[in-house]
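Structural characterization, general
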Amino acid sequence: MPAYLLAIDQGTTSSRAILFDREGNVVEVAQKEFPQHFPQDGWVEHASEDIWASVLTTCREVLDKASIDASQVAGIGITNQRETTLLWDRKTGEPLHNAIVWQDRRTADACQRLRDAGHTAMVQERTGLLIDPYFSATKLAWLLEHVEGARERAERGELAFGTVDSFLLWRLTGGRVHATDATNASRTALFNIHSQQWDEELLELFGIPASLLPEVKDSSDDFGRAQASLLGGEIPIAGVAGDQQAALFGQACFEPGMGKSTYGTGCFMILNTGDKAEVSRNRLLTTVGYRLNGKPTYAMEGSIFVAGATVQWLRDGLKLFANAEETETLARQTRSGHSVYLVPAFTGLGAPHWDPQARGAIFGLTRDTGIAEIVAAGLQAVCYQSRDLQVCMNDDMAAKTGTLRVDGGMVRNNWVMQFLADMLGVPVDRPSVLETTALGAAYLAGLHLGWYRDLDEISGLWRCERTFTPQMPEEERERLYRGWLDAVERVKC
Ligand SMILES: Nc1ncnc2c1ncn2[C@@H]1O[C@H](COP(=O)(O)OP(=O)(O)O)[C@@H](O)[C@H]1O
Ligand SMILES: O=P(O)(O)OC[C@H](O)CO
């Protein structure tokens, strides 16, 4: 009797394979970082084979480490960095180009032209998204235009497009399955979130042949089987979701009004809005939170491109410390209320500003500014940006957001979590399982395989490890936040 679920979490900087037991406990983890490529200012690519190799290696490693074989794994759930765009040959499975990563801004001009031509309202109405280089549509159009012969081959039906989930499904099933799930599809800007279909007018607008597209399935569904030659036995693939939606699921945010924020490379705050696809007045995104039995549950999302990536930049670029954990000690050394602000607009600004041309800056330096203040400012920026999103969500929902569930690598930092609670003015709940993205993918697979009766059973498994409650006086909170708003205004183009 299989006792485990295997989650593949293919993230922006690393791939992880995690084994969970039936109660959602982490049994074993394997992780592998892979290289980031920055061929030009604002461009970000991944070698597709690095993505695949890191996934395969970590899956094999996690089974090895746990001393189990494929027969003990009931099913696989896949979760992935979203929007990242791949194009491959249907016969050979060979990618035609590096994957263009969600952070990549190369299509900023193309997006500006589409906005100037007045397409914003139509795109937002159908997809819940804005016209921005972040989403897959213009990245795919760029590939079709710039890779020699790609458009002709696409027209002849020889090529397949996919976000990372589709690419992994293709490889895992030996080219038998070309599919995605509704959450990933909802990030392409080609998918109508109301009809739950690829949208012909959008395909025409972006110049995308329909033959390239994967089949869109529920997030908990039959996605075929991983080939026996890969992991030592066939394993059903039964869950797929984009990583932020998977985290929403893993955090058991199943009721409208429940929200989570994930602090990994970027930061993504997502609020469940139930069966309503709420349109934001504040340039937040409407997206599919998950789709079960053909029924979408919608969510509102604020996306911040750079969160933990600031910590990486402070570590690797400025060499201010050796390990991310040291940031907590450094931040504790700062004088409270210091006025240094770091705006990490390395690849432009995401929600709610959507300014692809903005670039980062540090403000408020004085003679007593040291490494600690700069590091603290980098950490605080993530909290200020979360507040930006909270302000928008409160306005859009005409209600005050309540307790926030958090996850992702940065939430290990207690100083950041306390400052976050202070800045948001709401309690911040850190769960005992921090791998909620992977857990969400495992739950989705488990749901399809009948491991869990329903969402209530999954909710019952969620455990809080620590709650951070706001302590900062209101006046101080507002003074600090005003300083942030001022700093952001200064970097916008
Ligand atoms: N203790 C810490 N304090 C601050 N940032 C941290 C800490 N530990 C990890 N991070 C940051 O969290 C990020 C990793 O989070 P993770 O959820 O693994 O990211 P991803 O899935 O996007 O690759 C890195 O950018 C790292 O710099
Ligand atoms: O790799 P992550 O965890 O930073 O997530 C990336 C997002 O899915 C991009 O939309």
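Just so it is clear, the model here is predicted, and its values are computed rather than measured.

All right, on to the overall build of the protein then. The number of helices and strands found in the protein is 17 helices and 23 strands. For the protein, the C-alpha radius of gyration of 21 Å lies close to 23 Å, the compact-globule estimate for 493 residues. Reported as C-alpha extents along the three principal axes, the dimensions of the protein are approximately 60 × 55 × 45 Å. A total of 493 residues make up the protein; the buried ones form 63% of that total. When contacts within the protein are restricted to residue pairs at least 6 apart in sequence, those whose partners lie at least 24 apart make up 73%. Per element, the accessible surface of the protein, about 18,200 Å² overall, is 47% carbon and sulfur.

Further remarks concern the site of ligand 1. Neighbouring residues of ligand 1: 15 residues in total, closest Thr13, Thr265, Gly308, Gly409 and Asn413. Contacts to ligand 1 include glutamine 312, whose side-chain N or O atom sits 3.5 Å from an oxygen atom. Here a nitrogen atom of ligand 1 sits 3.1 Å away from a polar atom, N or O, in the side chain of asparagine 413. In isolation ligand 1 exposes 580 Å². Once the protein is present, 85% of that is buried. Looking at the shell around ligand 1 element by element, the count peaks at four residues for helix H11 (residues 308-317). The residue inventory of the shell around ligand 1, partitioned by class, reads four nonpolar, nine polar and two charged.

In spatial order, the strands read E17-E18-E16-E15-E21-E22-E23; together these seven strands make up an open sheet with mixed pairing. Each edge of the open sheet carries a strand with a single partner, namely strand E17 (285-292) and strand E23 (464-468). Averaged over all pairs of adjacent strands, the angle between strand axes in this sheet comes to 30 degrees, irrespective of strand direction. Relative to strand E18 (residues 295-304), strand E16 (residues 267-274) runs antiparallel, the two sharing seven bridges.

Here we come to the domain arrangement of the protein. By convention, interface size is frequently given as the accessible area that disappears when the constituent parts associate. By domain assignment, the protein separates into domain 1 (4-243) and domain 2 (253-431 + 463-493). The centre of domain 1, based on its C-alpha atoms, is set 26 Å off from the matching centre of domain 2. If you look at the interface, domain 1 gives 30 residues, while domain 2 gives 29 residues. Taking both sides of the interface into account, the surface hidden between domain 1 and domain 2 amounts to around 2,400 Å²; carbon and sulfur atoms contribute 54%. Considering only the surface of domain 1 that becomes buried against domain 2, Arg105, Leu130 and Asp218 emerge as the three largest contributors, covering 20% of it. On the surface where domain 1 and domain 2 come into contact, there are three salt bridges. Between arginine 82 and glutamate 301 there is a salt bridge, with its nearest N and O atoms 2.8 Å apart. The interface formed by domain 1 and domain 2 includes 12 residue pairs in polar contact (both at pLDDT 80 or more). Listing elements by their share of the side of domain 1 that touches domain 2, those giving two or more residues are helix H2 (108-116), helix H3 (120-127), helix H7 (182-185) and strand E12 (215-217). For the side of domain 1 that touches domain 2, the residue count by class is 10 nonpolar, 12 polar and eight charged.

On to H3, then. Buried within H3 we find Val123, Gln124, Arg126 and Thr127. Looking at the residues trailing H3, positive phi occurs at glycine 128, about 80 degrees.

A separate point is the confidence of the model for the protein. Chain-level statistics for the protein give a pLDDT mean of 94 and a share of 100% at 70 or above. Interface predicted TM-score (ipTM) for the complex: 0.95; the corresponding pTM is 0.91.

Take alanine 30: it is sitting in strand E3 (residues 26-33). Residue classification places alanine 30 among the buried residues on the basis of a relative accessible area of 1%.

Neighbouring residues of ligand 2: Gly11, Thr12, Gln81, Arg82, Glu83, Trp102, Tyr134, Asp243, Gln244, Thr265, Gly266 and Phe268. Contact between ligand 2 and tyrosine 134: an oxygen atom at 2.7 Å from a side-chain N or O atom of the residue. Within the side chain of glutamine 244, an N or O atom sits 3.4 Å from an oxygen atom of ligand 2. Expressed as a share of its isolated accessible area of 310 Å², the protein-covered part of ligand 2 is 92%. Its residues placed into classes, the shell around ligand 2 shows three nonpolar, six polar and three charged. Domain assignment of the residues forming the shell around ligand 2 places at least three in each of domain 1 (4-243) and domain 2 (253-431 + 463-493).

Reading the values: rules and limits
Residues numbered from 1 in each chain as written. Chains lettered and ligands numbered in written order. Predicted model: local features only at pLDDT ≥ 70, side-chain atom pairs only at ≥ 80, totals over all residues. Heavy atoms only, no water. Helix = DSSP H or I, 4+ residues; strand = E, 2+ residues; numbered from the N terminus. Rg over C-alpha atoms; globule rule 2.2 N^0.38 Å. Buried < 20%, exposed > 50% of the residue type's maximum accessible area, 1.4 Å probe, protein only. Contact = heavy atoms within 4.5 Å. Areas by Shrake-Rupley, 256 points an atom, 1.4 Å probe, with all protein chains shown as cover. Near = heavy atom within 4 Å. Polar contact = N/O pair within 3.5 Å; in protein donor to acceptor, adjacent residues only side chain to side chain. Nonpolar A, V, L, I, M, F, W, Y, C, P; charged D, E, K, R; others polar. Pairing = 2+ DSSP bridges. Axes fitted to C-alpha atoms, helices over the stretch in contact; angles between N-to-C directions. Domains from an automatic or database assignment. Buried area = accessible area lost by both parts, 1.4 Å probe. Salt bridge = Lys/Arg side-chain N within 4 Å of Asp/Glu carboxyl O. pLDDT = per-residue confidence, 0-100.

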